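Overview (structure and organization)
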Amino acid sequence: MFFASDNSGPVPPQVLAALTEANSGHVMSYGSDALTTEVCDRLRELFEAPDAAVHLVATGTAANSLALATLCQPFDTVFCSPVAHIHEDECNAPEFYTGGAKLTLVPGSDRMTPDALRRAIKGQGNRGVHGPQRGPVSITQVTEQGNVYSLDQLRALATVAANHGVPVHLDGARFANACVALNCTPAEMSWKAGIDVAVFGGTKNGLMGVEAVIFFDPAHARAFELRRKRGAHLFSKHRYLAAQMAAYLRDDLWQELATTANARAAQLLGGLQSVARIQNEPTANMIFAALPRAVHKRLKAAGAQYHISGKLDGTDPDRMLSARFVCDWSLNPADIDSFLDLVRSA
């Protein structure tokens, strides 16, 4: 009954097999191997972007921060939601890797609206050399509150950005989960929606540790490569990153894993709805729900693992406490049923 994070699950056997297969003989380092070239070509094919620049890094924080650093200058500002991962969970890494660019939080919820974004952009870049200049827009998909932007919503935000001459970055740590939820192609959820650079996440969807950064304008390729090396994120034994991504792409494993994770979340949601107060629109693999304190205590006593906002100790058993439940590909449907039995028990 582990719903704490999709970072915490095991690695699929296909990925371990690919790592074992890559662990043979000697190949060129730093991404100069044949497998890395093959993976980059396959990602261009998947995204329907034959000219895209594709690079691999080991972590989502590196992917986001280096991508944003490539898109903006130290005197720029990055526009994002108040709960964006780059703001709340990356220890100022974007500011560090950009050399000091600030973040401008777009007022509202986890899903930015075009009007709010427009106002935020217009509010910056008006003080000449005295204030921050307008930089990229960063969109998180799936959001940190478990919601998914529709394709229309993505296009609307990208249009606002384009009208003001700023690029768009997509933090796709859960790219696959969103793509499955929207029943769309990677191209439709990226460059066809106006995205300039997309992170195609793997770590939260079963991989040991690899993310692909895809620039749809190859002019950014060289700058990213230099920033990746200077930022200590160019792996020497790069084939082990490529091997994971190769397995991820083979037979659309990325899609299969995300479909399974989303289905487990749908199963969990179906059981929670009659007892809990659902706090987001869970169409992917993350649910935010409020449950009575007594239910939380019963679940925790039985070994369920998930994150609670607020204190579990207290005397009011009916006090509603919010919680986050995240499903990954490896969850057993029977374990979800056991969890739901505990939720519903008197």
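Residues numbered from 1 in each chain as written. Predicted model: local features only at pLDDT ≥ 70, side-chain atom pairs only at ≥ 80, totals over all residues. Heavy atoms only, no water.

Some words on the overall build of the chain
Assigned secondary structure in the chain consists of 13 helices and 11 strands. Compactness check: the chain gives a C-alpha radius of gyration of 21 Å against a globular reference of 20 Å for 346 residues, within 12% of the reference. Dimensions of the chain, computed from C-alpha atoms along their principal axes, come out at roughly 60 × 60 × 30 Å. Counting the 346 residues in the chain, one finds 51% classified as buried. In the chain, once contacts between residues fewer than 6 apart in sequence are set aside, the share between residues at least 24 apart is 76%. If you sum the accessible surface of the chain, you get close to 14800 Å²; carbon and sulfur atoms cover 51% of it. In the chain, 31 positive and 34 negative side-chain charges are present, and the distance between their average locations comes to 7 Å. (Helix = DSSP H or I, 4+ residues; strand = E, 2+ residues; numbered from the N terminus. Rg over C-alpha atoms; globule rule 2.2 N^0.38 Å. Buried < 20%, exposed > 50% of the residue type's maximum accessible area, 1.4 Å probe, protein only. Contact = heavy atoms within 4.5 Å. Areas by Shrake-Rupley, 256 points an atom, 1.4 Å probe, with all protein chains shown as cover. Lys, Arg positive; Asp, Glu negative; His and termini not counted. Charge placed at Lys NZ, Arg CZ, Asp CG, Glu CD.)

Concerning the packing of aromatic side chains
Tallying each qualifying case throughout the model produces 13 aromatic pairs. Centroid distance Phe3 to Phe325: 6.3 Å. Interplanar angle 75 degrees. Geometry classified as edge-to-face. Of this pair, Phe3 sits in the segment before helix 1 (13–22) while Phe325 sits in strand 11 (residues 320–326), and the two are 322 residues apart along the sequence. Judged by relative accessible area, Phe3 falls into the buried class, the value being 1%. We classify Phe325 as buried; its relative accessible area is 0%. Geometrically, the ring pair formed by Phe96 and Tyr97 is edge-to-face, given 5.1 Å between the ring centres and 90 degrees between the ring planes. Taking relative accessible area as the criterion, Phe96 reaches 64% and is therefore assigned exposed. (Phe/Tyr/Trp six-rings, centres within 6.5 Å; stacked < 30°, edge-to-face > 60°.)

Focus: the packing of helix 3 (residues 60–71) against helix 9 (residues 221–230)
Direction vectors running N to C along helix 3 and helix 9 enclose 130 degrees, while the axes themselves pass 9 Å from each other. As far as their axial angle goes, helix 9 and helix 3 are oblique. Regarding helix 3 and helix 9, the two cross each other, and that crossing is right-handed. Mapping the contact onto sequence places Leu66, Ala67, Ala69 and Thr70 in helix 3 and Ala223, Phe224, Arg227 and Arg228 in helix 9. For the contact of helix 3 with helix 9, the residue count by class is five nonpolar, one polar and two charged. (Axes fitted to C-alpha atoms, helices over the stretch in contact; angles between N-to-C directions. Parallel < 35°, antiparallel > 145°, perpendicular 65-115°, else oblique. Left-handed = near helix turned anticlockwise from the far one by under 90°. Nonpolar A, V, L, I, M, F, W, Y, C, P; charged D, E, K, R; others polar.)

Here we look at the pairing of strand 4 (residues 133–140)
Counting buried positions along strand 4 yields six of eight residues, so the element is predominantly enclosed. Note that strand 4 and strand 5 (residues 168–171) share four bridges and pair parallel. Within strand 5, the residue paired with Ile139 across the bridge is Leu170. Traced from strand 4 through helix 7 (residues 151–163) to strand 5, the parallel crossover comes out right-handed. (Pairing = 2+ DSSP bridges. Right-handed = clockwise from strand over helix to strand, strands pointing away.)

Overview of the sheet that holds strand 7 (residues 211–215)
Sheet strands line up and pair through hydrogen bonds in the backbone, either parallel or antiparallel. A sheet is described by the order of its strands in space; here seven strands give the open sequence 1-7-6-5-4-2-3, paired in mixed fashion. Sheet topology places strand 1 (53–57) and strand 3 (102–105) at the edges, where each strand pairs with a single neighbour. Going from strand to strand, the sheet's axes swing by 25 degrees on average, the running direction of each strand aside. As paired strands, strand 6 (residues 197–201) and strand 7 are joined by five bridges and run antiparallel to one another. Along strand 7, the bridge assignment pairs Ala198 with Ile214. Packing against the sheet, helix 2 (residues 34–46) makes contact with strand 1, strand 6 and strand 7, and its axis sits at approximately 120 degrees to strand 1. Sheet contacts for helix 3: strand 1, strand 2 (76–80), strand 4, strand 5, strand 6 and strand 7; angle to strand 7, the most-contacted strand, approximately 15 degrees.

Everything listed is a geometric property; what it means functionally is a separate question.
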